Amino acid sequence: MKKTAAIAMVVGGALALVGSLLFLTAMFMMKFDFDNLSIPNESPTETVQEFSGDIHSLRIEDSTADVTLAPYDGETVSVTYVAGRKEFYSFICDGGVLTVQKYNTRAWYDYISFGSEKTYLFILLPRKDYNELFLSTGTGDFYVESGLCFNAITASASTGDIDLNANVLSSVYITTTTGSATVSGISGGETAPTLSIVTSTGNISLSGLELSGADVKTDTGRTRINGLTVSGAGSTVITTDTGDVSANTVNVNSLNVTTDTGDVSANTVNVNSLNVTTDTGDVSFENTYAPFTGMETDTGDIELNFFYAEEMDIKTFSGDVSGILQSQMTVIPETSTGSINIHHDVYGGKGTCRVTTSSGDISIRLSLEPR
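A brief report on the enclosed structure follows. Each chain carries its own residue numbering, running from 1 in the direction its sequence is written. Only residues with pLDDT of at least 70 get local features here, since the model is predicted, and only at 80 or more are side-chain atom pairs given and counted; chain-wide, interface and lining totals rely on the full set of residues. Each side-chain value is derived from all of the structure's non-hydrogen atoms; neither hydrogens nor water enter the calculation.

### Thoughts on the environment of T229
- Take T229: it is sitting in strand 17 (residues 223-230).
- Sequence separation of T229 and L211 is 18 residues, and the distance between their C-alpha atoms is 6.1 Å.
- Once you skip the residues sitting within four places of it in the chain, T229 turns out to touch L209, E210, L211 and N251. For the purposes of this entry, the term helix denotes a DSSP run of H or I that reaches at least four residues, the term strand denotes a run of E that reaches at least two, and both are numbered from the N terminus. Working rule for contacts: check all heavy atoms of both residues, and any pair within 4.5 Å makes them a contact.

### With respect to the pairing of strand 17
- By definition, two strands form a pair when at least two bridges between them are found by DSSP. Pairing analysis gives seven bridges linking strand 15 (residues 204-211) to strand 17, with the strands arranged parallel. Looking across to strand 17, one finds that E210 is bridged to T229.
- Pairing of strand 17 with strand 19 (residues 245-258) involves six bridges; the strand directions are parallel. Looking at the pairing, L228 lines up with V250 of strand 19.

### Some details on unusual backbone geometry
- Of note, T268 is a non-glycine position whose phi angle comes to about 60 degrees, a positive value.
- Mapped onto the elements, T268 comes out in strand 20 (residues 264-277).
- Taking the relative accessible area as the measure of exposure, T268 reaches 37% and is therefore partly exposed.
- Despite not being glycine, F306 shows a phi value in the positive range, around 55 degrees. With a 1.4 Å probe rolled over the protein chains alone, any residue whose accessible area is under 20% of its type maximum counts as buried; one over 50% counts as exposed, and the rest are partly exposed.

### Some remarks on the pairing of strand 25 (residues 321-325)
- Among the five residues that make up strand 25, four are buried, leaving the element largely enclosed by the rest of the structure.
- Where strand 23 (residues 302-308) meets strand 25, five bridges bridge the pair, whose relative direction is parallel. Looking at the pairing, F307 lines up with L325 of strand 25.
- Pairing analysis gives five bridges linking strand 25 to strand 29 (residues 362-366), with the strands arranged parallel. Across the sheet, residue G323 finds its bridge partner in strand 29, namely I364.

### Brief notes about the environment of G208
- When you line up the elements, G208 lands in strand 15.
- Expressed as a C-alpha distance, the spacing of G208 and N226, which sit 18 residues apart in the sequence, is 6.7 Å.
- Once you skip the residues sitting within four places of it in the chain, G208 turns out to touch G185, I186, N226 and G227.

### Some remarks on the packing of aromatic side chains
- Put simply, two rings from Phe, Tyr or Trp (the six-membered ring, in Trp's case) pair if the centres are within 6.5 Å, and we call them stacked under 30 degrees between planes, edge-to-face over 60, tilted for the rest. Here the structure, examined in full by the defined rule, presents seven aromatic pairs.
- Summarising the aromatic geometry, the rings of F51 and F91 are spaced 5.4 Å apart at their centres and angled 40 degrees between planes, so their arrangement reads as tilted. Of the two residues, F51 sits in strand 1 (residues 47-51) while F91 sits in strand 5 (residues 87-94), which places them 40 residues apart along the sequence.
- For F51, a relative accessible area of 13% translates into the label buried.
- Taking the centre distance of 5.7 Å and the plane angle of 35 degrees together, the rings of Y130 and F150 count as tilted. Placement of Y130 in strand 8 (residues 129-137) and of F150 in strand 10 (residues 149-156) is noted, with a sequence separation of 20 residues between them.
- Under the relative-accessibility criterion, Y130 is labelled buried at 4%.
- For F150, a relative accessible area of 0% corresponds to the buried category.

Here's what the structure looks like:
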């Protein structure tokens, strides 16, 4: 046994030595710079190209660079970029559409690097209304400054973040994997646009939006809303798994929020129809006007402060339900082992509030004073 083990050690050592020699040989053949721990290459240089003519749409495909779009007072589309090692850009202007695509000719060993390489694509656009913007990126971030206006924007990223501050007239569609999505300052034109965002673990942030419909979905990412108006009969749907949802200053016709373990909290909400469903996540609404309200949790608590409703249906299993209502209602509480505390001032009016729980406590009182 000892002899066999010794032979195995010798063979293993020989194989390791051969592997090391082959690796070093390959590195020397590539002229690897062991002093700087990088593969030598000409330093990336900044390049500027300009495009004239009636450009009304942009299509950008870039896997790694940060991409920025900004307005300016010039008359041509100005593109400034730095490409990485063995990468190059293709620019095609056809039928008013400027297509920007990045290509690379790297072999596998070109990706061996111990230092970061900063690449970027910066596009200056004359101040005017544009038709469509399409972006596809991988690890790079995408940023659109305010002062630009598009009819429609479609953007997708893998780990890169997407930040849109331009106005959009018709529709916005965003997909990411781990990258975050931030949208602000959209008010549309004669008609409000629609917004659709789908992420996996990326966070979602919305602010200062005037829309005709919104559909937001994330798995574990957080959703933050600060200033959202959805006009007409348009609906707002927020779906998440473990991510929390928080909202402030929301004016919509229909709001539907679904989570699993994520918490839901909102302040200053004006909505005709409100539906919230969670499993273990807590639900908290304050300063809310929601005539038709439905809420359901499993173990999550529900807290409603300064809440106006005309018809309410609240269900939990072991979660507690507490609230300060701003409308008198006929309260129908039901619990198995939990306590019930309904202040007598609450009763009255034409509306009905049904509260059903198994082991959770129920506590509701009235405050007609605005907060």
